[in-house]
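Okay, here's what each chain looks like letter by letter:
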2 protein chains.
Amino acid sequence: MTVTAELLGSLGGIFADRMSVADAVREHHSHGESYHPPAPPDVVVYPKTTEEVSAIARLCSAHRTPMVPFGAGTSLEGHVSALAGGVCIDLSEMNRILRVSPEDLDATVEAGVTRKQLTEELKASGLTFFLDPGADASIGGMVATGASGTTAVRYGTIRDNVLGLTVVLATGEVIRTGGRARKSSAGYDLTRLMIGSEGTLGIVTEITLKLQPLPDAISAASCSFPTLAAAVDTVIAAIQLGIPVARAELLDERSMDALERFSKLGYPIQPTLFFEFHGASDASVAEQAQAMKEIAAEQGGGDFRWATTLEERTKLWHARHEMANASLMLRPGCKGWATDVCVPISKLAECIRETRIDNDSSPLIGPILGHVGDGNFHCIYLLDPARPEEIAEAKRLNDRLVDRALALGGTCTGEHGIGYGKMASLAKEHGDLVPVMRAIKRALDPDGLLNPGKIFPM
Amino acid sequence: MTVTAELLGSLGGIFADRMSVADAVREHHSHGESYHPPAPPDVVVYPKTTEEVSAIARLCSAHRTPMVPFGAGTSLEGHVSALAGGVCIDLSEMNRILRVSPEDLDATVEAGVTRKQLTEELKASGLTFFLDPGADASIGGMVATGASGTTAVRYGTIRDNVLGLTVVLATGEVIRTGGRARKSSAGYDLTRLMIGSEGTLGIVTEITLKLQPLPDAISAASCSFPTLAAAVDTVIAAIQLGIPVARAELLDERSMDALERFSKLGYPIQPTLFFEFHGASDASVAEQAQAMKEIAAEQGGGDFRWATTLEERTKLWHARHEMANASLMLRPGCKGWATDVCVPISKLAECIRETRIDNDSSPLIGPILGHVGDGNFHCIYLLDPARPEEIAEAKRLNDRLVDRALALGGTCTGEHGIGYGKMASLAKEHGDLVPVMRAIKRALDPDGLLNPGKIFPM
């Protein structure tokens, strides 16, 4: 236990009943949604304000005690595991939407607000926040990991949608990066330095976000293909032609099998693309859809199955979002090892083809799915974490996949981040950058108290 | 002179005739396009490769000599002035387009490639690079200042359009940030840390850029308004309605007067908006234009004057781009002090109205123009740099404008950067961030050799 009785006492003086050392609570905060071995913090505190987070950081800093920020616990590379024990700062009670400005298409929210909460509360405003990593992640967690998801092909990643941040530094000092102007060249871009820094440079407590007007017309559709290559080539052609598709999701047969078992929507068990089109008018949506249908037909795609009403669309995307859970049902009791490479779109077909060959020859089940409009896709390897040979096999497949992606000019992680699961891959991809990252880390957190053991060894 | 004979000798051994200590060359490299007092470097070198830039940095580092990167010399806050002397690294001979990949909509260019060179060389590919700060800046310079310009309202700023960078650090070490994947969460976002760092953290030598397909349909138009407020309100309404306008430029009467004297295109001397619409079809462009016309009509706007052919559009935007030069002709022999605030769109009308009142009561001429779709606008105060009272008056007006923008939730610089002209404004806007920026600077450049005296005092 790295937390002293004195520190516990000081925290208790502030947080009283908003603090826990119970085993069940510590266990809940020891892991995300992945296979990584859990590592519980010594204590979990639930601040309600930036000032309270600052107070925690001042105390931890004085006691040289690790701090691990925790959002919704949906991350996939062990980001929230308290590898060196210490204090878990659970931000779920910082869940207020502080301001929505429809006239400026922006909002400021606390870090614990979740994606679904935000889109729900925005409904009356005519605006929305499209970023959608699947899980009901917290906005703070999405900032920390540099998240994106199904709509990034049209609306960008979280990096493109944050205007400013409130951040508590290791010392407890509170800084405010960026602002509400749509653009600024006022010094170093600390907003984007913090995005994707996984809680290792500071604790994000408030986020100012760009919002989007709800499109006047939205339509979604699915289309089945005879081969995985045909589905992939359809998306590549659409991107190269500049069709402004809002979502373009690929699911291979194995994924469709899982989806059908879970959701029973009657889709054929074939490689499938799920699309969404957004426009200012039905005509504009129809124009995009027609262009896409022509491309799909050239690749042997079947008829488009439309989901036009809100209810139909909700059902379609809900099924897609439940894919992680659906995959796990292919092998009850297992955990998922989710890969996350992203390659230039011209290399996507090759990367998926070779990955599929690997998967087909492995004893592990590994459905392929992804945000292919960005060149980003996942395999979900289903394994029993108690079996070292299965972990080793998933690692072997993932290592081959990362090497393949890097050789094709891609990255080891499009959106899940490094955590402690991908540190070796980061070193492989950006060995020249790790010393620079480390120098920045040491400049801002010389004692290494913020989420230690993540992204790179200190 | 901070450059020793030994360092000069070592540089001469490498660069021979690609190096100069001539007064005229040093003078040319002592300033950008602004009123700031020039400060010449001791020597100017013209590397052709990243390796040569690395060699210069190794030598300068060993001799603890300042290095100032120089692109096209078009910056507006004294960024390239060699305040502590030293070696000016002129990147204009690094002007090769290294790779264009139409299938991935990206390209890699050397830092000295200029915007116009790039768009010219891309013509055959069906792709383009829309970012347009007006001046024919180098791409490296645009990265260094965090530039944007007329098309940012639709295509984003340089921050949104860079995938990766090659950067020479103070030590001479070469790093490669980002990559060719459309998105990545692989550790700290050093690409965006370098963008806007104005040569103080490293020397950018190569840039991988996102490109855009040339739209199938483009149309531009101008529209005159009875009042400045009516023109501003038209743009605000368009942005709030989500019309995907590609350009929305405001010019006040004073700007139109300058433009007419310079370009003689027959525009009325009234507040004017210049628009450009991009679409996948004529119908889509017509739909956007019709929506804009309806909004403009509600505000008392006159007829749209269309520029549909490439020749007409080129003439229109050429005139807009020559506005800085045209303004200078309102007072022959003067220099321009360009302001650069950016505010939330809902505050734009108020900010421009109060600024106009200031300008109308000042003895200095200060036309107002700007990229108002982003909330960003400029005054160009025309002054004689030899007259301290004129500098003081421009400073008074700019200080009031910056204070006004900050009070409205805006920034002191939307796109020009800090240089050494806006260090006090940065401290006012982000006093809490300057120590963090300084810590990062010291971590990467402990001797303060990279472009010293810029952004913040070391």
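Details of the structure are given in the entry above.
Given the structure is predicted, the values throughout are model-derived calculations rather than measurements. (Residues numbered from 1 in each chain as written. Chains lettered and ligands numbered in written order. Predicted model: local features only at pLDDT ≥ 70, side-chain atom pairs only at ≥ 80, totals over all residues. Heavy atoms only, no water.)

> Give me the overall build of chain A: which residues, what numbers.
A count of helices and strands for chain A gives 17 helices and 18 strands. For chain A, the spread of C-alpha atoms along the three principal axes comes to 70 × 55 × 40 Å. Partitioning the contacts of chain A with sequence separation of at least 6, the portion at a separation of at least 24 is 72%. Accessible surface computed for chain A: about 15600 Å², of which carbon and sulfur atoms make up 53%. (Helix = DSSP H or I, 4+ residues; strand = E, 2+ residues; numbered from the N terminus. Contact = heavy atoms within 4.5 Å. Areas by Shrake-Rupley, 256 points an atom, 1.4 Å probe, with all protein chains shown as cover.)

> Account for the sheet that holds strand β4 (residues 87-90) of chain A, with residues named and values stated.
All names here are of chain A. What the four strands build is an open sheet, ordered β1-β2-β4-β3; its pairing is mixed. At either margin of the open sheet sits one strand with a lone partner, and together these are β1 (19-20) and β3 (67-70). Summarising the sheet, β3 and β4 pair through four bridges and their orientation is parallel. Counterpart to P69 in the pairing with β4 is I89. On top of the sheet, helix α3 (residues 50-62) reaches β2 (43-45), β3 and β4; it is set at about 170° to β4, its chief contact. (Pairing = 2+ DSSP bridges. Axes fitted to C-alpha atoms, helices over the stretch in contact; angles between N-to-C directions.)

> Give a detailed account of empty space enclosed by the protein, specifying residues and quantitative values.
Overall, the coordinates contain four cavities of 30 Å³ or more when judged by the stated rule. Its volume calculated, the largest cavity comes out at about 50 Å³. Taken together, T200, K441, G448, L450, N451, P452, G453, K454, F456 and M458 of chain A together with Y188 of chain B form the lining of the largest cavity. (1 Å grid on protein atoms, 1.4 Å probe; cavity = no way out; pocket = protein on both sides within 12 Å on 5 of 7 lines; lining within 4 Å. Points joined across faces, edges and corners; volume = space filled by probe spheres on them.)

> Any chance you could break down the side chain of H371 of chain B for me, citing the residues and the numbers?
Along the chain, the position of H371 of chain B falls in strand β17 (residues 368-371). Polar contacts involving the side chain of H371 of chain B include one to the side chain of E415 of chain B, which spans 2.8 Å. Each residue touching H371 of chain B, except ones within four places of it in the same chain, is listed here: K183 of chain A together with G149, T150, A248, E249, R320, N376, H378 and E415 of chain B. (Polar contact = N/O pair within 3.5 Å; in protein donor to acceptor, adjacent residues only side chain to side chain.)

> Run through the sheet that holds strand β3 (residues 67-70) of chain B, naming residues and quoting values.
All names here are of chain B. Read from one edge to the other, the open sheet built from four strands follows the order β1-β2-β4-β3, with strand pairing classed as mixed. With one partner strand each, in any of the chains shown, β1 (19-20) and β3 form the two edges of the open sheet. Most of the contacts of helix α3 (residues 50-62) go to strand β4 (residues 87-90), to which it runs at about 170°, and overall it touches β2 (43-45), β3 and β4.

> Give a description of the relation of the copies chain B and chain A that names residues and reports values.
Between the two chain copies there is a screw-like relation: a rotation about an axis and a shift along it. Structural alignment of chain B on chain A gives an RMSD of 0.0 Å, achieved by rotating through 180° and translating 0.0 Å along the axis. The superposition operator between the copies reduces to a two-fold rotation axis. Same-surface contact between copies: 100% of interface residues of chain B are shared with the interface of chain A. (Least-squares fit on C-alpha atoms with pLDDT ≥ 70 in both.)

> Give me the interface of chain B and chain A: which residues, what numbers.
Listed by partner, the interface residues are 74 residues for chain B and 74 residues for chain A. Taken as a group, K183, S185 and Y188 of chain B account for 17% of the area that chain B buries against chain A, more than any other trio of residues on that side. For the interface between chain B and chain A, the tally reads six salt bridges. Between chain B and chain A we count 34 residue pairs in polar contact (both at pLDDT 80 or more) in total. Among the elements of the structure, α7 (158-161), β9 (174-178), α8 (190-194), α9 (228-240), α16 (423-430) and α17 (434-444) of chain B are those that each provide at least two residues to the side of chain B that touches chain A. (Buried area = accessible area lost by both parts, 1.4 Å probe. Salt bridge = Lys/Arg side-chain N within 4 Å of Asp/Glu carboxyl O.)

> Tell me about the pattern of salt bridges, and please be specific about residues and values.
Should the charged atoms of two oppositely charged side chains come close, the side chains can pair. Residue and element names in this part refer to chain A. For the coordinates displayed, the defined rule picks out 67 salt bridges over all chains. Note that R331 is salt-bridged to E390, the shortest N-O span being 2.8 Å. Within this pair, whereas R331 is found in the loop between α13 (323-328) and β16 (335-338), its partner E390 is found in helix α15 (residues 388-407), the two being separated by 59 residues in sequence. Looking at R331, the relative accessible area reads 25%, which means it is partly exposed. Residue classification places E390 among the buried residues on the basis of a relative accessible area of 10%. When salt bridges with common partners are traced through the structure, they connect R331, D384, R387, E389 and E390 into a single cluster. (Buried < 20%, exposed > 50% of the residue type's maximum accessible area, 1.4 Å probe, protein only.)

> Please give an account of the packing of α9 of chain B against helix α11 (residues 282-298) of chain B that cites residues and values.
Residue and element names in this part refer to chain B. Close contact between α9 and α11 brings their axes to 9 Å; oriented N to C, the two are set at 140°. Taken as axis vectors, α9 and α11 run oblique relative to one another. Every pair of crossing elements has a handedness; the one defined by α9 and α11 is right-handed. Here α9 contributes T234, A237 and A238 to the contact with α11, which in turn contributes M292, I295 and A296. A breakdown of the residues in the contact of α9 with α11 according to their chemical character gives five nonpolar, one polar and no charged. (Parallel < 35°, antiparallel > 145°, perpendicular 65-115°, else oblique. Left-handed = near helix turned anticlockwise from the far one by under 90°. Nonpolar A, V, L, I, M, F, W, Y, C, P; charged D, E, K, R; others polar.)

Keep in mind these values describe shape, not function.
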